[in-house]
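# Architecture and fold: a report
Each chain, written out:
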Protein chains: 2
Amino acid sequence: MAGVATFDKHPSDILKIGKGFSLKDLDPGSTPGYAGDKADGETLLAELDDKLSRLQEKLFAESRFGGTKRILLVLQAMDTAGKGGIVTHVMGAMNPDGVQLKSFKAPTPEEKSYDFLWRIEKEVPAAGMVGVFDRSHYEDVLIHRVHRWAKPEELERRYRAINEFEARQTAAGTKIVKVMLHISRDEQKERLLARLDDPAKLWKYSSNDIKERAFWADYMDAYQKAFDKTSSELAPWHVVPANRKWYARIAVQQLLLQALEGLKLEWPVSDLDVEMERELVERS
Amino acid sequence: MAGVATFDKHPSDILKIGKGFSLKDLDPGSTPGYAGDKADGETLLAELDDKLSRLQEKLFAESRFGGTKRILLVLQAMDTAGKGGIVTHVMGAMNPDGVQLKSFKAPTPEEKSYDFLWRIEKEVPAAGMVGVFDRSHYEDVLIHRVHRWAKPEELERRYRAINEFEARQTAAGTKIVKVMLHISRDEQKERLLARLDDPAKLWKYSSNDIKERAFWADYMDAYQKAFDKTSSELAPWHVVPANRKWYARIAVQQLLLQALEGLKLEWPVSDLDVEMERELVERS
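Quick summary incoming for the structure in this document.

About the criteria used
The numbers attached to residues start from 1 for each chain and follow its sequence in the written order. The lettering of chains begins at A and the numbering of ligands begins at 1, in the order of writing. For this predicted model, a pLDDT threshold of at least 70 governs which residues receive local features, and a threshold of 80 or more governs which side-chain atom pairs are given and counted, while totals over whole chains, interfaces and linings are taken from all residues. Values reported for side chains reflect all heavy atoms of the structure, with hydrogen atoms and water molecules removed beforehand. Should any heavy atoms of two residues lie within 4.5 Å, those residues are considered in contact. By buried area we mean how much accessible surface two parts lose on assembly, using a 1.4 Å probe and totalling the loss over both. By definition here, a salt bridge exists when the distance from a side-chain nitrogen of Lys or Arg to a carboxyl oxygen of Asp or Glu is within 4 Å. Residues adjacent in sequence count toward polar contacts only when both atoms are side-chain atoms; beyond that, a polar contact is any pair of N or O atoms within 3.5 Å, and within protein one must be able to donate a hydrogen and the other to accept it. Under the scheme used here, helices are H or I runs from DSSP no shorter than 4 residues and strands are E runs no shorter than 2 residues, and both carry numbers assigned from the N terminus. Two strands are said to pair when DSSP picks up at least two bridges between them. Between the N-to-C directions of two axes lies an angle of 0 to 180 degrees, each axis being a line fitted to C-alpha atoms and, for a helix, fitted only over the stretch in contact. To sort residues, take the accessible area from a 1.4 Å probe on protein chains only and compare it with the maximum for the residue type: under 20% means buried, over 50% means exposed, and anything in between is partly exposed. Geometry of aromatic contacts follows a simple scheme: Phe, Tyr and Trp rings, the Trp one being its six-membered ring, pair when their centres are within 6.5 Å, and the pair is stacked under 30 degrees between planes, edge-to-face over 60, tilted otherwise. Residues belong to one nonpolar core when they are buried, are Ala, Val, Leu, Ile, Met, Phe, Trp, Tyr or Cys, and are joined through side-chain atoms within 4.5 Å. Each patch is assembled from residues with relative accessible area greater than 30% and no salt bridge, linking like charges that lie within 9 Å and nonpolar side chains (Val, Leu, Ile, Met, Phe, Trp, Tyr) that lie within 5 Å. The accessible surface values rely on the Shrake-Rupley method and a 1.4 Å probe; as for residues, cover is taken only from the protein chains in view. Counted charges follow a simple rule, with Lys and Arg positive, Asp and Glu negative, and His plus the chain ends left uncounted. Lysine's charge is taken at NZ, arginine's at CZ, aspartate's at CG and glutamate's at CD. For classification, angles of less than 35 degrees are called roughly parallel, those exceeding 145 degrees roughly antiparallel, those between 65 and 115 degrees roughly perpendicular, and all remaining angles oblique. The hand of a helix crossing depends on one turn: near helix anticlockwise from the far one by less than a right angle means left-handed, and clockwise means right-handed. Asp, Glu, Lys and Arg are counted as charged, while Ala, Val, Leu, Ile, Met, Phe, Trp, Tyr, Cys and Pro are counted as nonpolar; the rest, among them Gly, fall into the polar class. The copies were overlaid with a least-squares fit restricted to C-alpha atoms from residues scoring a pLDDT of at least 70 in each copy.

## Some thoughts on the interface of chain B and chain A
Counting from both sides, the interface comprises 41 residues of chain B and, opposite them, 41 residues of chain A. Note on chain B versus chain A: buried area summed over both sides is about 3800 Å², and carbon and sulfur give 65% of it. Measuring nitrogen to oxygen at the nearest pair gives 2.5 Å for the salt bridge that ties Asp 197 of chain A to Arg 278 of chain B. Between chain B and chain A we count 14 residue pairs in polar contact (both at pLDDT 80 or more) in total. Of all the secondary structure elements, the ones that give two or more residues to the side of chain B that touches chain A are helix H2 (38-64), helix H3 (83-89), strand E2 (99-103), helix H8 (185-197), helix H9 (208-213) and helix H12 (274-283) of chain B.

Shown next, in the form of structure tokens:
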């Protein structure tokens, strides 16, 4: 790693929401804690792939011997912010067998007929897995707040329910890492135009995206409210400036690395008589 | 790609089982169709990652516009043959969002209470996905044959049921690619010993592996029988020599590339009025 620019402060310390955090004051074009440029960032991302993959394998291995630790990365963002790129370029380094990815779309009629956490509960990561929610239960306090699909008292109930739900997951061995990828309204415009200009990207474009743009300020308020209500020491929110895709990727990679390192993982100690097994294999 | 050794014949033509194929005659240490060495193979694998990933994205994109095409890669092998490595190093290049991986373990009591295809049916890939079965419905005619857990007439029924099942998947738009990774008994011994010697690999070792080694010849017979009974033009078996891990990976990558290319994928043609949408985005 000699020569590759690294973070000067740990991203989790900088990007984690503290008391009095205000989304308005964070520049989506900034690169907190990182002085390198795009080329540096891409090098750093590639160089840490192996470390991330190794930690994930240890997590998986522990679970085969009764370990209950697991990770849940919750990704929320405005459209085009780069959730998909995080999945491809950060999670992609890990063994697919150890990654449990769920993209939550608009709920089906069946899903709507239950409490909002019903469909979420079914997708929580199994022991040993790195779970990723591409959108999540937070939609129920974001788009629902913006379009007033839920009344204020119902929203309050949901914030409480989310905190209880997340505390329960934490108690079961899940380290929850919540990330909002933060882009500017102008940056989104550029990205939407880019989709319209490229036949390989046009299929990702939805005219619905324009409609939601009209509610940008309301969304930012809804995010701020969600942070205020649901960021806790056990399940903190991180806001990652995402106008620069390369920065968002190294920042989320760092958050995952720190979460995994915090689990103090070890290769399982087998109770096998290794010498005897070796002899048996030799003779077999 | 200038300078990188490529295949001189297409792997699907060489590795696909033809009339009179005999597993006994295939050298697990060979590298059919490829004259390059390990370093060449690793370079080739890395160079084709983008192509594979691009094709997978096209497949996914088509499904968003009503396409029903999909891939199902069925991986079968003796223990330690490298199925996990295929998943990590070949499938790992694709967007995790477009890969639907299922590792089939020994069936649970509930699964056993149903027909053997019950649990398989639930895991067939959705439209637009590249599905991977790490072990599969073939266990029910492999280990079940070896240990005589099923009577001969029941095994015959299962071969027929498998062919009907696979024909039905094919009719639904699924291109099935069946692969047996073929290692030698001696190579397995080396790999088991390597697991015992490395604390980072010991957790993968199971003393059960030795027991199954004793039935090696019976397994090879069961594979041969499965090939004879279930290799068809629509859902052919391929046997990939796998003593050299690097070869097995480039061979399976090639099989996937050809399967995807065979689907004649195109970026979806949107019925959007792109000019109008561009204007709307500009004004938004």
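We are not done yet, so read on.
## Observations regarding the sheet that holds strand E1 (residues 70-77) of chain B
What holds strands together in a sheet is hydrogen bonding between their backbones, with the strands either parallel or antiparallel. All names here are of chain B. In spatial order, the strands read E2-E3-E1-E4-E5; together these five strands make up an open sheet with parallel pairing. The sheet is open, and its two borders are formed by E2 and strand E5 (237-241), each paired with just one other strand. Across this sheet, the average inter-strand angle for adjacent strands is 20°, counted without regard to direction. Strand direction decides the pairing type here: E2 and strand E3 (residues 130-134), joined by five bridges, are parallel.

## Some words on the side chain of Glu 139 of chain A
All names here are of chain A. Relative to the elements of secondary structure, Glu 139 occurs in helix H6 (residues 139-146). Residue class for Glu 139 comes out buried when judged on its relative accessible area of 15%. Other than its neighbours up to four places away in sequence, Glu 139 contacts Gln 76 and His 144.

## Observations concerning the packing of aromatic side chains
Each pair of aromatic rings is reported with the distance of its centres and the angle of its planes. Scanning all chains against the criterion turns up 22 aromatic pairs over all chains. Between Trp 203 of chain A and Phe 60 of chain B the ring centres are 5.8 Å apart and the planes differ by 70°, which places this aromatic pair in the edge-to-face class. In this pair, Trp 203 of chain A is assigned in the loop between helix H8 (185-197) and helix H9 (208-213) and Phe 60 of chain B in helix H2, connecting two distinct chains. Judged by relative accessible area, Phe 60 of chain B falls into the buried class, the value being 14%. Ring geometry for Phe 21 of chain B and Phe 227 of chain B: centres 6.0 Å apart, planes at 70°, overall edge-to-face. Of the two residues, Phe 21 of chain B sits in the loop between helix H1 (11-15) and H2 while Phe 227 of chain B sits in helix H10 (residues 216-230), which places them 206 residues apart along the sequence. For the pair Phe 21 of chain B and Phe 227 of chain B, a shared accessibility class is recorded, and that class is buried. Among the aromatic residues, ring-to-ring pairing joins Phe 21, Tyr 138, Tyr 223, Phe 227 and Trp 237 of chain A into one connected group.

## Thoughts on the sheet that holds strand E5 (residues 237-241) of chain A
Residues and elements named next belong to chain A. Read across the open sheet, the five strands follow the order E2-E3-E1-E4-E5; overall the sheet is parallel. Single-partner strands in this sheet number two, and they are strand E2 (99-103) and E5. Each strand axis lies, on average, 20° off the axis of its neighbour in the sheet, ignoring direction. Where strand E1 (residues 70-77) and strand E3 (residues 130-134) come together, five bridges link them in parallel fashion. Each residue of the ladder has a partner; that of Leu 73, found in E3, is Val 132.

## Some remarks on the pairing of E5 of chain A
In the case of a regular strand, side chains alternate between the two sheet surfaces. Residue and element names in this part refer to chain A. Of all five residues that make up E5, five are buried, and the element is covered over most of its length. A two-sided burial pattern is seen for E5, the buried positions comprising Trp 237, Val 239 and Pro 241 on one face and His 238 and Val 240 on the other. Bridging between strand E4 (residues 174-182) and E5 involves five bridges; their strand directions are parallel. Note that in E5 the partner of Lys 178 across the bridge is Trp 237.

## Focus on the nonpolar core
One finds Leu 181 and Val 240 of chain B to be the most contacted residues of the largest nonpolar core, which totals 78 residues. For this core, the element with the highest residue contribution is helix H11 (residues 245-262) of chain B, accounting for 11 residues. Ignoring any residue separated from it by four or fewer positions in sequence, one finds Leu 181 of chain B in contact with Gln 76, Ala 77, Met 78, Ala 81, Gly 82, Lys 83, Ile 86, Val 240, Ala 242, Ala 248 and Val 252 of chain B. Grouped together as the second largest cluster of nonpolar side chains are 77 residues, Tyr 34, Ala 150, Leu 155 and Leu 257 of chain A included.

## Here we look at the environment of Trp 267 of chain A
With respect to the secondary-structure elements, Trp 267 of chain A resides in the loop between helix H11 (245-262) and helix H12 (274-283). Looking at Trp 267 of chain A, the relative accessible area reads 15%, which means it is buried. Spatially, the C-alpha atoms of Trp 267 of chain A and Ala 46 of chain A are 24 Å apart, while their sequence positions differ by 221 residues. Contact partners of Trp 267 of chain A, with chain neighbours within four places excluded, come to Arg 54, Glu 57, Lys 58 and Ala 61 of chain A together with Pro 199, Ala 200 and Trp 203 of chain B.

## Comments concerning a positive patch on the surface
A surface patch of positive charge is lined by Lys 38, Lys 201 and Lys 245 of chain A together with Arg 54 of chain B. Topologically, Arg 54 of chain B is positioned in helix H2. Classification of Arg 54 of chain B by relative accessible area gives partly exposed; the value is 43%.

## A word on the packing of helix H7 (residues 152-171) of chain A against helix H10 (residues 216-230) of chain A
Relative placement of two packed helices is described by the angle separating their axes and the distance separating the axes. All names here are of chain A. It is at 10 Å that the axes of H7 and H10 come closest, and there the two elements cross at 50°. On the basis of the axis angle, H7 is oblique to H10. The two elements H7 and H10 cross, and the hand of that crossing is right-handed. Mapping the contact onto sequence places Glu 156, Tyr 159, Ile 162, Asn 163 and Glu 166 in H7 and Lys 225, Ala 226, Lys 229 and Thr 230 in H10. Its residues assigned to classes, the contact of H7 with H10 shows three nonpolar, two polar and four charged.

## Observations regarding the relation of the copies chain B and chain A
Mapping chain B onto chain A is achieved by rotating through 180° and translating by 0.0 Å along the same axis, at an RMSD of 0.0 Å. Expressed as a symmetry operation, the mapping of one chain copy onto the other fits a two-fold axis. When each C-alpha of chain B is compared by its distance to the rotation axis, Gly 92 of chain B comes out closest, at 3.1 Å. In this assembly, 100% of the residues forming the interface of chain B have copies in chain A that are likewise at the interface, indicating an isologous arrangement.

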